[in-house]
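# Notes for the structure review
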Amino acid sequence: MAGAELVKRLLSKDELGPCLSTDLSSHLISKYGLSPEAARKRVSRETKGDVKRLSNLKLNNAYFMYLQKDFGAPWYWDSLYSVIHNLQGPYSRVLNALDARGIVPESEFDIVCGAPIRQKGQVTASQALKALISSDVLVTQDIPGLGKSVLTKEISEQNPKSLESHVLARRQAEILVLRGVKDWLRRLAMVSAEKVNLRGECNKATTVGTFSWDLSAPSYLSPMVSWSSNDKPKPGFVVCDILLEERLSHAHVEPFIHKTKTLRALKRVGSTLFIFVALHYEEKAFAALRSIGCMPATVENLFGKDISEGLKDLLQVIENTSNSISDPDKLDSLLSRVGRLEGVLGNIRGTFFELMTAYIVRKTAPGNVSVRKIVKDDSGKESEFDVYVQAEGQPIRLIECKALSPNSELSDDFVQEWLQKTINRARQHLKRTEALEPNGPIPKFELWVTGSIESQAMRRLQKAKDANKKKYELVVNGPHELKDIVKDDKTLSDMLDKYFLEFSYV
């Protein structure tokens, strides 16, 4: 049999299937009697035509080989993942991180992947990402609410949208818990109070040593501090990663374990306390974290059962925001329970204001109401409206909800972008998808805001309203208007005051 045909047959599904070049060579030696040199040359020579290899992904001085027709098939992914995991290297840790999370914002890839930002002799996070993307193992994709994100090619070709709401909900909950951990560390004086950095906050780095973390802070506790010859203390560190999936396996925490072991080998990094936070651990994962001296925490043992259960309910509510919220008392209960975490309310105020807006609209107007409606302009660029209302014979309503932090104003920059980009994209979307009647009701764009608006922004809104009144209706509902809308519903009125308007309504 000709060399090319033999290699093609061995790489077929019914023989070896997709495999490492070294495994293919070994098979040629053991079964067909080729010498090691002859086998190596044949494998190297036949990587053309129907026979392919992932040349950008070097795996222990070998390459993954496959037939072009098998690319993307279930057995292709099974074989590739098996090869990568058997080597237990940096690419395996990346796949473990993505298996645990589904979708990872590119800005957080450094944290979760288990690879250093830079370190001699190590595959860095950026190198791993580049190699896996160029080999079509991973892809990047713009995800509403997450931005540019990393996911496996396999998932991207299925239905990543089914994951999006879950990932968005989980990440919101993780930020809430990280803020609680931050407060817990500060209250115990375990860290420098003003130097606790969290992922995604104020562009501050969460780097300790050569790795990024979800939380990092210097610590001057006596077991953590070392002293230099000039009697100046050198702080240690507290670092924390978090993953709030229902049950974590050993593979899911392995990237964190690798970061921990590698950091401890660096002589110039001070003593470090490692914390991992989850909802639950499988026994093997818990034991592995304990074995390296890490603190494997759960939300329940950090903050108590009531907050833990409230957080799980919160995850469900956020994840299912497209469903009807039929009982505002449930929102009130959830806000009360998880609001005991220091700083939590400010972070979830926006999500719950969207839910409350959707509930108010359902109660006060006819039509179909959906939450987080994606609109696309003619070029495919996306924007999101928090609440979308459609009823026969009535104007389509697209509502933007802004639950402002205490003592803040809605900026002119936001208003300008909303008017010029978001509304224009929505108008193109409606024209293309809704077949609006020429003499029918014009769409209504509404801005529901719990606080004040910058004076320049208000002038811009009024100018846009006057200039476009034949194209669309522009409505701004501030604190006074919101109170008036719910004045006949004491429960809603009290909730608005308690959670959304207490700092801004005058």
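Look up a bit, the structure's there.
Attention here is on the structure that accompanies the text.

What counts and how
Residues numbered from 1 in each chain as written. Predicted model: local features only at pLDDT ≥ 70, side-chain atom pairs only at ≥ 80, totals over all residues. Heavy atoms only, no water. Phe/Tyr/Trp six-rings, centres within 6.5 Å; stacked < 30°, edge-to-face > 60°. Lys NZ or Arg CZ within 6 Å of the ring centre and 35° of its normal. Pairing = 2+ DSSP bridges. Helix = DSSP H or I, 4+ residues; strand = E, 2+ residues; numbered from the N terminus. Salt bridge = Lys/Arg side-chain N within 4 Å of Asp/Glu carboxyl O. Buried < 20%, exposed > 50% of the residue type's maximum accessible area, 1.4 Å probe, protein only. Polar contact = N/O pair within 3.5 Å; in protein donor to acceptor, adjacent residues only side chain to side chain. Contact = heavy atoms within 4.5 Å.

This part covers the packing of aromatic side chains. Across all of its chains, the model carries 16 aromatic pairs by this definition. Put simply, the rings of Phe211, Trp213, Phe256, Phe274, Phe276, Tyr281 and Phe286 pair up and form one aromatic cluster. Sitting above the plane of the Trp213 ring, Lys259 keeps its charged end 4.1 Å from the centroid. Note that Lys402 overlies the ring of Phe414, its terminal NZ or CZ placed 4.5 Å from the centroid.

Spatially, β4-β6-β5 is the arrangement adopted by the three strands of the open sheet, whose pairing is antiparallel. Two strands bound the open sheet, and with one partner strand each, they are β4 (104–105) and β5 (138–143). Across two bridges, the pairing between β4 and strand β6 (residues 147–152) is antiparallel. Paired with Val104 across the bridge in β6 is Val150.

Here we come to the pattern of salt bridges. Applying the stated criterion across every chain, the model contains 24 salt bridges. Where Asp183 meets Arg187, a salt bridge forms, and the shortest distance between an N and an O atom there is 2.5 Å. Linking Asp183 with Arg187, this pair stays in helix α9 (residues 161–187), spanning four residues, or about one helical turn. With relative accessibility at 18%, the residue Asp183 sits in the buried group.

To continue, consider the side chain of Ser135. With respect to the helices and strands, Ser135 occurs in the loop between α7 (125–134) and β5. Here Ser135 falls in the buried class, since its relative accessible area comes to 4%. A polar atom in the side chain of Ser135 sits 2.9 Å from the backbone oxygen of Ala131. Beyond its immediate sequence surroundings of up to four residues, Ser135 is in contact with Leu54, Asn56 and Leu57.

Read these as geometric descriptors, not functional statements.
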